[in-house]
Amino acid sequence: MSLKAVLFDFNGVIINDEPIHAKLIEQLLLEENLRLKPGEFRQTCLGRSDRACIRELLAERGRMLTDAQLEALVQRKVKAYRAELETLEKLPIYPGIDDLIFKLQGLSCKLAIVSGAVRTEIEWVLQQANLAQHFSIIVSGDDIQQSKPDPEGYLRGITQLNQKFPELQLQPTDCLAIEDTFAGIQAAKTAGIKVVGIAHTYPFHMMQRSSNWAIDYFTDLEMDRIQTLYTQGTEKPLEAPA
C-alpha cells in the first residue's frame, strides 16, 4: 500500500472564506424575510453543500423549496460570493498550500478537490490563485446528490481519478483527505479514507479527536513521514507542534 492521491476539501481548507459564506447566507435569509439564529450557520452549514444548507435552513422555517427555487437561491448566493471576493485586494488562500502541493507532486500524488461548493466558485478561485493546474479532478456540490457527511463525494472522486488514471488502480486506502469540519471528516472516513484534520475552523484538540492525524497549519504536515506510514501500513499520530 502507498499514498497515491490526496483529496482536498475546499472552503476552510484551501480558502479562508467561511466568514464570507456565513455573511452571505445571513443576507440571503434576510432577503427572504427570515433571520439566521446565533450559531445556526456553524451548526447547519459548516462542511455541507450550499444546497443542503439552504434547503435545511428554509425547511426549518416552514418553506419547502422546489428544485428550481433552490437553484435560484444558490445562484443568487454564487453571484454574491463572486462579487464579495472581487472586492478583496487578495484572496484569503491559506498560507503553505503552494509548498504542500510541491511536496505532493514530488511524491507523485494525484490531487483532487472534493467539496460541497458550487463548481463555478471552486474553479474561479483556483484560477485566480494559480492553483487550478494542480488538481486533476474536481467533485463539487453540483455533482452529488448527498452532501457531506455522506461519503458520495469522496467515492465519486476516487471513481473519477480511476477513470482518468486507470493505471493507479486507486482504492480508498491509497488516499488521504484533508478536511477542516466534522462533516467532512466523517464523509472521508465512511468512504474508507484516512483524514488529516487541519485546525482552520475548529481547535487542534477537536481535530485530533476526530481525524487520523491533526495539524494546525499546512507546514506541520510531514508528507514524507505520512508516505512512510502508508507504505508500512501503520497509523501513528503526528505529534502536536511545540
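In what follows, the accompanying structure is described. A quick note: this is a predicted structure, and the numbers were derived from the prediction, not measured.

1. Comments concerning the overall build of the protein chain
So, step 1. A count of helical and extended segments in the protein chain gives 10 helices and 6 strands.
So, step 2. Here the protein chain has a C-alpha radius of gyration of 18 Å; the compact-globule value for 242 residues is 18 Å, and the two agree.
So, step 3. Dimensions of the protein chain, computed from the C-alpha atoms along their principal axes, are close to 55 × 40 × 35 Å.
So, step 4. Looking at the protein chain residue by residue over its 242 residues, the buried ones come to 51%.
So, step 5. A fraction of 63% describes how many contacts in the protein chain between residues 6 or more apart in sequence connect residues 24 or more apart.
So, step 6. In the form shown here, the protein chain has an accessible surface area of approximately 11,500 Å², with 49% of it arising from carbon and sulfur atoms.
So, step 7. Between the centroid of the 26 positive side chains of the protein chain and the centroid of its 33 negative side chains there is a distance of 2 Å.

2. Here we look at the state of the cysteines
So, step 1. This model, assessed by the stated rule, comprises 1 disulfide.
So, step 2. The disulfide bridge from C45 ends at C53, spanning 2.0 Å between sulfur atoms. Sign of the S-S torsion, about 55° for the bond between C45 and C53, identifies this disulfide as right-handed. Exposure class is identical for C45 and C53. Each is buried.

3. A short note on the packing of helix 4 (residues 67-86) against helix 6 (residues 119-128)
So, step 1. For the pair helix 4 and helix 6, the least separation of the axes is 10 Å and the interaxial angle reads 15°. With respect to their mutual orientation, helix 4 and helix 6 come out roughly parallel. Crossing hand, helix 4 versus helix 6: right-handed. Each of K77, V78, Y81, R82, L85 and E86 in helix 4 lies in contact with helix 6, whose residues at this interface are T120, E121, W124 and V125.
So, step 2. Residue classes in the contact of helix 4 with helix 6 are distributed as 5 nonpolar, 1 polar and 4 charged.

4. With respect to unusual backbone geometry
So, step 1. At the junction of K148 and P149, the peptide bond is cis and its omega measures out at 20° in the coordinates.
So, step 2. If you trace the backbone, P149 turns up in the loop between strand 3 (137-139) and helix 7 (152-164).
So, step 3. Positive phi values are uncommon outside glycine, yet N33 reaches one of about 60°.
So, step 4. The backbone of Q169 sits at a positive phi, close to 50°, despite the residue not being glycine.
So, step 5. Secondary-structure assignment places Q169 in the loop between helix 7 and strand 4 (175-179).
So, step 6. Look at Q169 and you get exposed, because its relative accessible area is 60%.

5. Side note on the pattern of salt bridges
Note on pairing: side chains with opposite charge can pair once their charged atoms come close.
So, step 1. The full count for this structure, using the stated rule, is 18 salt bridges.
So, step 2. For K23, the salt bridge goes to E84, with nearest N and O atoms at 2.8 Å. Highlighted residues: K23 in helix 1 (residues 18-31) and E84 in helix 4, separated in sequence by 61 residues.
So, step 3. Notably, a salt bridge pairs D67 with R55, separated by 3.2 Å at the nearest N-O pair. A residue pair is termed long-range when its members are at least 10 positions apart, and D67 in helix 4 and R55 in helix 3 (residues 50-59) qualify at 12 residues.
So, step 4. In this structure D67 comes out as exposed when scored by relative accessible area, which is 61%.

6. As for the nonpolar core
So, step 1. Among the nonpolar cores identified, the biggest contains 44 residues, and I54 and Y154 are the most heavily contacted of them.
So, step 2. Discounting chain neighbours no more than four positions away, the residues touching I54 are I25, L28, L65, L70, L73, V74 and K77.
So, step 3. Of all hydrophobic cores here, the second largest spans 40 residues; its members include V6, F8, L221 and I226.

7. Focus: the packing of aromatic side chains
So, step 1. According to the stated counting rule, one finds 3 aromatic pairs in the structure shown.
So, step 2. Between F182 and Y202 the ring centres are 4.4 Å apart and the planes differ by 40°, which places this aromatic pair in the tilted class. With F182 in helix 8 (residues 182-190) and Y202 in the loop between strand 5 (194-198) and helix 9 (204-210), this residue pair connects regions lying 20 residues apart in the sequence.
So, step 3. Owing to a relative accessible area of 31%, F182 belongs among the partly exposed residues under this scheme.

Definitions and limits used
- Residues numbered from 1 in each chain as written.
- Predicted model: local features only at pLDDT ≥ 70, side-chain atom pairs only at ≥ 80, totals over all residues.
- Heavy atoms only, no water.
- Helix = DSSP H or I, 4+ residues; strand = E, 2+ residues; numbered from the N terminus.
- Rg over C-alpha atoms; globule rule 2.2 N^0.38 Å.
- Buried < 20%, exposed > 50% of the residue type's maximum accessible area, 1.4 Å probe, protein only.
- Contact = heavy atoms within 4.5 Å.
- Areas by Shrake-Rupley, 256 points an atom, 1.4 Å probe, with all protein chains shown as cover.
- Lys, Arg positive; Asp, Glu negative; His and termini not counted.
- Charge placed at Lys NZ, Arg CZ, Asp CG, Glu CD.
- Disulfide = S-S within 2.5 Å.
- Axes fitted to C-alpha atoms, helices over the stretch in contact; angles between N-to-C directions.
- Parallel < 35°, antiparallel > 145°, perpendicular 65-115°, else oblique.
- Left-handed = near helix turned anticlockwise from the far one by under 90°.
- Nonpolar A, V, L, I, M, F, W, Y, C, P; charged D, E, K, R; others polar.
- Salt bridge = Lys/Arg side-chain N within 4 Å of Asp/Glu carboxyl O.
- Core = buried A, V, L, I, M, F, W, Y, C linked by side-chain atoms within 4.5 Å.
- Phe/Tyr/Trp six-rings, centres within 6.5 Å; stacked < 30°, edge-to-face > 60°.

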